[in-house]
2 protein chains.
Amino acid sequence: MGSPGQGEVRLATLSDAEAIGRLLFDFNNEFDEPTPEPAVLADRLRRLLGSGDTAVLLGGVGPDGLAVLRFRSAIWSPGLESYLAELYVVPARRGQGLGRALMLRSIEEALVRGSDSMSIEVDEPDVAARALYESLGSTNRAGGGGPLMFVYEKEL
Amino acid sequence: MGSPGQGEVRLATLSDAEAIGRLLFDFNNEFDEPTPEPAVLADRLRRLLGSGDTAVLLGGVGPDGLAVLRFRSAIWSPGLESYLAELYVVPARRGQGLGRALMLRSIEEALVRGSDSMSIEVDEPDVAARALYESLGSTNRAGGGGPLMFVYEKEL
C-alpha cells in the first residue's frame, strides 16, 4: 500500500465543491456534531472558494481527506494570517500519512499565499492531531515555551 | 469617578485610525511584544476597517481602550464567525469596567453584523481576561463543559 506522499494531495477547485461537502458532512457526522446537508455545505464552500479567502486541499482518490484553510490580513505583520479550520481523513485511510501530507501541503499553500503564521484549534484529548501539529513545529505554548494558549468561544 | 457604561464605548471610523495605531502600539510595548510603529499600525487598520472584515470599538475619551473584531463567513452555519483579535485598556483606566463595556459592545456589534459565534484566544495565566470572558458566557471547554480547547500556532 505504501505511504502517501504530498503528491497525493491537490488544491481543490470549484468543481470539487460536492466532494468537499460530502467529506465535511461525514466529518461532523462521525463526531456526532450537528451538520448541514452535504449540498448546503457544497454551496457554502463554493462561495468561500470563490471569495478567495479559503483554500481546500484534497487527499487521495476518493477524495479521502481534506484540509480547509482560511486567510485574512494580519494586524501585527504585513502578511496574511492563516487558520486551519478543518482537517479530516476518512476512517479507512487513517494511519497512512494522509493527514500529515495534507498538513504539509497546507503549510506550502499558506506560504505561497504570503502567510506568516498558521493557527489551529484542537481539543485537549485529540492527542493524534496534537502530535501531528507538534511534529510539524506547531505549539500551544505562547512564544514556543510559554504558557498554554486557550480558545474561548461563545455562541451568540 | 463612577463605573463606565456601554455609552462610553463607540464604534471607530476611519478617522480614528491614528488613535487605534497608538493604542495597539502601547499594547504590545507594555507586554514587551514586538510591534510596528503606530503610523504603520494606523495604515494597516485603515485598510482593515475599509475592507469591511474588521470593526474596532473605542472606549473612553483618550481613547483609553479598544477591542478589535474580525469577521468572516462561517463554514458550519450561514452566518459570520467573529474573532476578538485584541482587547486593551490603558493601565490608568483598568479596574473601572472599561474592558467589560468594550466586550459587551463587541458582542452587540457582532450580533448586528450577523455573527453567530465569537472566539477569543488567551494565555492560561491571564486570569483577569479569562474571568471577564467567562462572566460573559465564553468558555474554553468544548461544547460548554467538555475538554479544554487549545490554540496551536506556527510561524511560517
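Everything below is about the structure printed above this text.
Residues numbered from 1 in each chain as written. Chains lettered and ligands numbered in written order. Predicted model: local features only at pLDDT ≥ 70, side-chain atom pairs only at ≥ 80, totals over all residues. Heavy atoms only, no water.

Asks: Just checking my understanding: could you explain the packing of helix α1 (residues 17-30) of chain A against helix α2 (residues 38-51) of chain A for this structure?
Replies: A pair of packed helices is characterised by two quantities: the angle between their axes and the separation of those axes. All names here are of chain A. One can describe the packing of α1 onto α2 by two numbers: an axis separation of 7 Å at closest approach and a directional angle of 125°. Classified by the interaxial angle, the pair formed by α1 and α2 is oblique. For the crossing formed where α1 meets α2, the hand is right-handed. Facing A17, E18, I20, G21, R22, L24 and F25 of α1, the residues of α2 in contact are P38, L41, A42, L45, R46 and L49. For the contact of α1 with α2, the class distribution of residues is nine nonpolar, one polar and three charged. (Axes fitted to C-alpha atoms, helices over the stretch in contact; angles between N-to-C directions. Helix = DSSP H or I, 4+ residues; strand = E, 2+ residues; numbered from the N terminus. Parallel < 35°, antiparallel > 145°, perpendicular 65-115°, else oblique. Left-handed = near helix turned anticlockwise from the far one by under 90°. Contact = heavy atoms within 4.5 Å. Nonpolar A, V, L, I, M, F, W, Y, C, P; charged D, E, K, R; others polar.)

Asks: Would you mind showing me how to read the pattern of salt bridges here?
Replies: As a working rule, side chains carrying opposite charge can pair if their charged atoms are close by. All names here are of chain A. For the structure on display, the rule yields 22 salt bridges over all chains. Note that R46 and D43 form a salt bridge whose closest N and O atoms lie 2.7 Å from each other. Pair noted here: R46 and D43 are both in helix α2, with a separation of three residues, about one helical turn. Of the residues examined, D43 reaches a relative accessible area of 44% and is grouped as partly exposed. (Salt bridge = Lys/Arg side-chain N within 4 Å of Asp/Glu carboxyl O. Buried < 20%, exposed > 50% of the residue type's maximum accessible area, 1.4 Å probe, protein only.)

Asks: Whenever I open this one, the packing of aromatic side chains confuses me. Can you help?
Replies: Two descriptors summarise a pair of aromatic rings, namely the distance from one centre to the other and the angle between the planes of the rings. Under the defined criterion, the tally for this structure stands at seven aromatic pairs over all chains. Arranged with centres 6.1 Å apart and planes meeting at 10°, the rings of F150 of chain A and F150 of chain B form a pair that is stacked. Placement of the pair is F150 of chain A in strand β6 (residues 149-155) and F150 of chain B in strand β6 (residues 149-155), with the two residues belonging to separate chains. A single burial state applies to F150 of chain A and to F150 of chain B, both of which are buried. An aromatic cluster is defined as three or more aromatic residues linked by ring pairs; in this entry it consists of F27, F31 and Y88 of chain A. (Phe/Tyr/Trp six-rings, centres within 6.5 Å; stacked < 30°, edge-to-face > 60°.)

Asks: Got a minute to help me understand the pairing of strand β4 (residues 80-89) of chain A in this structure?
Replies: Two faces belong to every sheet, and in a regular strand the side chains alternate between them. Residue and element names in this part refer to chain A. The element β4 is extensively covered by neighbouring structure, given that eight of its 10 residues are classed as buried. Sheet topology places strand β3 (residues 65-73) next to β4; nine bridges connect them, and they run antiparallel. Counted as the bridge partner of L66 is Y88 from β4. In this structure, the hairpin formed by β3 and β4 is closed by a connection of six residues. (Pairing = 2+ DSSP bridges.)

Asks: I would appreciate a short explanation of the relation of the copies chain B and chain A in the present structure.
Replies: Superposition of the two copies of the chain requires a rotation about an axis and a shift along the axis. For the match of chain B to chain A, the screw axis carries a shift of 0.0 Å, the RMSD comes to 0.0 Å, and the turn is 180°. The relationship between the two copies is best expressed as a two-fold rotation axis. Every residue of chain B has its C-alpha some distance from the rotation axis, and the shortest such distance is that of F150 of chain B, at 2.3 Å. Taken as a fraction of all interface residues of chain B, those also at the interface in chain A reach 100%, which identifies the copy contact as same-surface. (Least-squares fit on C-alpha atoms with pLDDT ≥ 70 in both.)

Asks: Explanation requested: the interface of chain B and chain A in the structure shown.
Replies: When the parts of a complex come together, some accessible area is lost, and that lost area is often used as the size of the interface. Across the contact, 57 residues belong to chain B and 57 residues belong to chain A. For the chain B and chain A pair, buried surface summed over both sides reaches about 5,200 Å², with 58% attributable to carbon and sulfur atoms. If you sort the residues of chain B by the area they bury against chain A, W76, F150 and Y152 of chain B come out on top, with a joint share of 20%. For the pair chain B and chain A, the interface holds zero salt bridges. Taken together, chain B and chain A are joined by 30 residue pairs in polar contact (both at pLDDT 80 or more). (Buried area = accessible area lost by both parts, 1.4 Å probe. Polar contact = N/O pair within 3.5 Å; in protein donor to acceptor, adjacent residues only side chain to side chain.)

Asks: Just to check I follow, could you spell out helix α2 (residues 38-51) of chain B for this structure?
Replies: Think of an α-helix as 3.6 residues a turn; residues three or four steps apart then line up on the same face. All names here are of chain B. Over its 14 residues, α2 runs 20 Å from end to end, which matches the ideal 20 Å to within 8%, given 1.5 Å per residue. Within α2, burial applies to L41, A42, R44, L45, L48 and L49. End-on, the buried residues of α2 take up no more than an arc of 170°, which puts them together on one face. Away from the buried face of α2 by more than 90 degrees, exposed residues R47, G50 and S51 are located. (Expected span 1.5 Å × (residues − 1). Arc of directions from axis to C-beta.)

Asks: Where do I start with unusual backbone geometry in this structure?
Replies: Most of the time, phi is negative for any residue but glycine, and the peptide bond is trans. All names here are of chain A. The amide bond that connects G62 to the next residue, P63, takes the cis arrangement and shows omega of -5°. Backbone geometry places D32, a non-glycine residue, at a positive phi of 55°. Here D32 shows up in the loop between α1 and α2. Residue classification places D32 among the exposed positions, given a relative accessible area of 70%.

Asks: For this particular structure, what's the right way to read the environment of S77 of chain B?
Replies: Tracing the backbone shows S77 of chain B in the loop between β3 (65-73) and β4 (80-89). Sequence separation between S77 of chain B and R10 of chain B is 67 residues, and the spatial gap between their C-alpha atoms is 28 Å. The residues touching S77 of chain B, leaving out its near neighbours within four places in the chain, are R44 of chain A together with D116 of chain B. At a separation of 2.6 Å, a polar atom in the side chain of S77 of chain B contacts the side chain of D116 of chain B.

Asks: Just checking my understanding: could you explain the packing of helix α3 (residues 98-112) of chain B against helix α4 (residues 127-135) of chain B for this structure?
Replies: Residues and elements named next belong to chain B. Following both chains from N to C, one finds α3 and α4 inclined at 45°, their axes separated by 11 Å at the closest point. Regarding the angle of α3 to α4, the classification is oblique. The element α3 and its partner α4 pack so that their crossing is right-handed. Contacts from G99, R100 and M103 of α3 reach α4 at L132, Y133 and S135. The class makeup of the residues in the contact of α3 with α4 is three nonpolar, two polar and one charged.

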